[in-house]
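Summary of structural features
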Amino acid sequence: MKVAVITGASSGIGRSAAVQIARRGAGVILTYSSNRPGAEEAVAEIEKSGGSAVALRLDVGDTAAFPAFRDAVVDALRDTWQRDTFDHLVNNAGFGQMAMFEDTTEELFDTFTRVLLKGPYFLTQTLLPLIADGGSVVNTTSNSALVSGVEAGYSAYATMKGGLTVLTRYMAKEFSARGIRVNSVAPGTTRTRIGDDAFEKFPELVTQLGSHHALGRIGEPDDVGMVVAMLLSEESRWITAQNVEVAGGQNL
Ligand SMILES: NC(=O)c1ccc[n+]([C@@H]2O[C@H](COP(=O)([O-])OP(=O)(O)OC[C@H]3O[C@@H](n4cnc5c(N)ncnc54)[C@H](OP(=O)(O)O)[C@@H]3O)[C@@H](O)[C@H]2O)c1
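Sequence order as written defines residue numbering, which begins from 1 separately in each chain. Only residues with pLDDT of 70 or above have their local features reported here, since the model is predicted, and side-chain atom pairs are shown and tallied only from 80 upward, although totals for entire chains, interfaces and linings are computed over all residues. Heavy atoms from the whole structure form the basis of all side-chain values; hydrogens and water molecules are not counted.

All right, on to the pairing of strand β6 (residues 181–187) then. Where a strand is regular, its side chains alternate between the two sheet faces. Each residue is placed in one exposure class: buried if its accessible area under a 1.4 Å probe, protein chains only, is under 20% of its type's maximum, exposed if it is over 50%, and partly exposed if it falls in between. Secondary structure is summarised from DSSP: a helix means a run of H or I of at least four residues, a strand means a run of E of at least two, and numbering begins at the N terminus for each. With 7 of 7 residues buried, β6 lies mostly within the body of the structure. Burial along β6 is two-sided: Arg181, Asn183, Val185 and Pro187 facing one way and Val182, Ser184 and Ala186 facing the other are all buried. Pairing between strand β5 (residues 131–140) and β6: 5 bridges, direction parallel. Across the sheet, residue Val137 finds its bridge partner in β6, namely Val182. Only when DSSP finds a minimum of two bridges between them are two strands counted as paired. As judged from the 4 bridges shared by β6 and strand β7 (residues 243–246), these two strands associate in the parallel manner. Its bridge partner lying in β7, Pro187 is registered against Val246.

Right under this line is the structure:
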């Protein structure tokens, strides 16, 4: 049985990806940071459909904790799937916060760097020896780093996502020696808990932003989660080093 590790799967895109990947028959190690109930619900949803999943806590902004996380992954692989490697890694955990260029503090910039760029870089470095040859990686970037998603207030956030897009290409180049493919998904506006649950707090945003999408609405987590699962799967075996925008024609 294939096994996937998905970061930031206690809600939103990561949680959808976890469920979609499990639906295609893989075991899932999913991570949460503060929302343990969300992670437990995701595990329950996967188990209800006959799949297997384990939830682990991980702060992707804390590289010092990565060796202990790797050990926890090794334990989960052995205890749950009798494996010593896994096949798919999804670097998805992240947060968004709006700040105009003039108002962006060094502290916020550093937190974006740690969570959105340095975290995926060194987490992947830590876990790479556990990824089986022929495996695949998907990083969650953002169309804020593409022309279609440019909005005032996201200069620092989008800069990190642009960096992750470039990193995706370099990972694809170097990991190809082991047959490991690396791609990224660049979601557009997607109704998740991002931005302190902004879509729940300000439902008018959903309609207002939806009108800027060719397909007439903003994205739902499954719109993106399904693409993550597809990029990891055998159907995508000839796709590597790509950044796939998943945004329903935002600003088209
Ligand atoms: N929604 C959008 O419009 C949109 C657009 C483009 C890109 N994205 C990207 O999509 C990814 C998923 O976000 P989402 O929209 O699904 O938002 P979400 O519902 O808020 O989910 C974010 C996930 O990341 C986890 N997370 C946040 N900070 C973390 C940290 N320091 N360490 C470990 N985990 C952390 C959260 O864990 P806890 O809640 O358990 O703390 C949660 O599981 C992010 O990388 C985001 O930048 C989102």
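Once you've had a look at it, read on.
This brings us to helix α1 (residues 12–23). One less than the number of residues in a helix, times 1.5 Å, gives the span that helix is expected to have. Helix length check: α1, at 12 residues, gives a terminal C-alpha distance of 17 Å against a target of 16 Å (1.5 Å per residue), a fit within 8%. Of all 12 residues in α1, 11 are buried, a share of seventy percent or more. Within α1, the full set of buried residues consists of Gly12, Ile13, Gly14, Arg15, Ser16, Ala17, Ala18, Val19, Gln20, Ile21 and Ala22. Those residues of α1 that are buried are in contact with β1 (3–6), β2 (27–32), α2 (36–48), β4 (86–91), β6 and α8 (221–232). Backbone geometry just after α1 places Gly25 at a positive phi near 100 degrees. We call two residues in contact when some of their heavy atoms are within 4.5 Å.

Another aspect to go through is the site of the ligand. Surrounding the ligand, one finds 29 residues, the nearest of these being Ser10, Ser11, Ser34, Tyr157 and Thr192. In this structure, an oxygen atom belonging to the ligand sits 2.7 Å away from a side-chain N or O atom of Ser11. When the ligand sits alone it has 890 Å² of accessible area, and the protein chains cover 90% of it. Residues of the shell around the ligand, tallied by class, amount to 10 nonpolar, 16 polar and 3 charged. Throughout this document, a residue counts as near a molecule or strand when at least one of its heavy atoms sits within 4 Å of that molecule or strand. Counted as a polar contact is a pair of N or O atoms within 3.5 Å, where, for protein atoms, one must be capable of donating a hydrogen and the other of accepting one, and residues adjacent in sequence contribute only when both atoms are in side chains. Under the convention used here, a 1.4 Å probe and the Shrake-Rupley method define accessible areas, while residue burial counts only the protein chains that appear. Throughout this entry, Asp, Glu, Lys and Arg are counted as charged residues, while Ala, Val, Leu, Ile, Met, Phe, Trp, Tyr, Cys and Pro are counted as nonpolar. The remaining residues, Gly among them, count as polar.

Attention now moves to the nonpolar core. By nonpolar core we mean a set of buried residues, namely Ala, Val, Leu, Ile, Met, Phe, Trp, Tyr and Cys, connected to one another through side-chain atoms within 4.5 Å. Ranked by internal contacts, the top residues of the largest apolar core, which has 37 residues, are Ile29, Phe69, Val73 and Phe86. Secondary structure elements with two or more residues in this core: β1, β3 (53–57), α3 (66–81), β4, α4 (106–127), β5 and α5 (155–175). Here this core gets 8 residues from one element, more than from any other, and that element is α5. For Phe86, the residues in contact, after removing those within four places along its chain, are Val3, Val5, Val73, Leu77, Leu127, Leu130, Ile131 and Ala132. Judged by nonpolar contacts, the second largest core, of 28 residues, contains Ala22, Ala42, Val185 and Leu231.

This part is about the pairing of β4. Judged by how many residues are buried, β4 sits mostly within the fold: 6 of 6 residues are covered. Bridge count for β1 against β4 is 3 bridges, and the pairing is parallel. Each residue of the ladder has a partner; that of Val5, found in β4, is Leu89. Relative to β5, β4 runs parallel, the two being bridged by 5 bridges. Bridged to Phe86 within β5 is Ile131. Taken together, β4, α4 and β5 constitute a β-α-β crossover, and its handedness is right-handed. Looking down the strands as they point away from you, a crossover is right-handed if its path from the first strand over the helix to the second goes clockwise.

For any two helices packed against each other, one specifies the inter-axial angle together with the distance between the axes. With their axes 10 Å apart at the nearest point, α1 and α2 run at an angle of 20 degrees to one another. Between α1 and α2, the angle falls in the class roughly parallel. Seen from above, α1 lies across α2 with right-handed handedness. Facing α1, whose interface residues are Arg15, Ala18, Val19 and Ala22, α2 presents Gly38, Glu41, Ala42, Glu45 and Ile46. Taken together, the residues that form the contact of α1 with α2 break down as 5 nonpolar, 1 polar and 3 charged. Lines fitted to C-alpha atoms define the axes, with helix axes restricted to the stretch in contact, and inter-axis angles between N-to-C directions lie between 0 and 180 degrees. Comment on the angle field: the value is read as roughly parallel under 35 degrees, roughly antiparallel over 145, roughly perpendicular from 65 to 115, and oblique elsewhere. Each crossing gets its hand from how the near helix is turned against the far one by less than a right angle, where anticlockwise is left-handed and clockwise is right-handed.

Attention shifts here to the pattern of salt bridges. Take a side-chain nitrogen of Lys or Arg and a carboxyl oxygen of Asp or Glu: if they are within 4 Å of each other, that pair is a salt bridge. Scanning the model with the defined rule gives 12 salt bridges in all. Of the charged contacts in the structure, one is a salt bridge between Asp71 and Arg70, with a shortest N-O distance of 3.8 Å. Take Asp71: its relative accessible area is 42%, and that puts it in the partly exposed class. Across the salt bridge formed by Asp133 and Arg178, the nearest N and O atoms sit 2.7 Å from each other.

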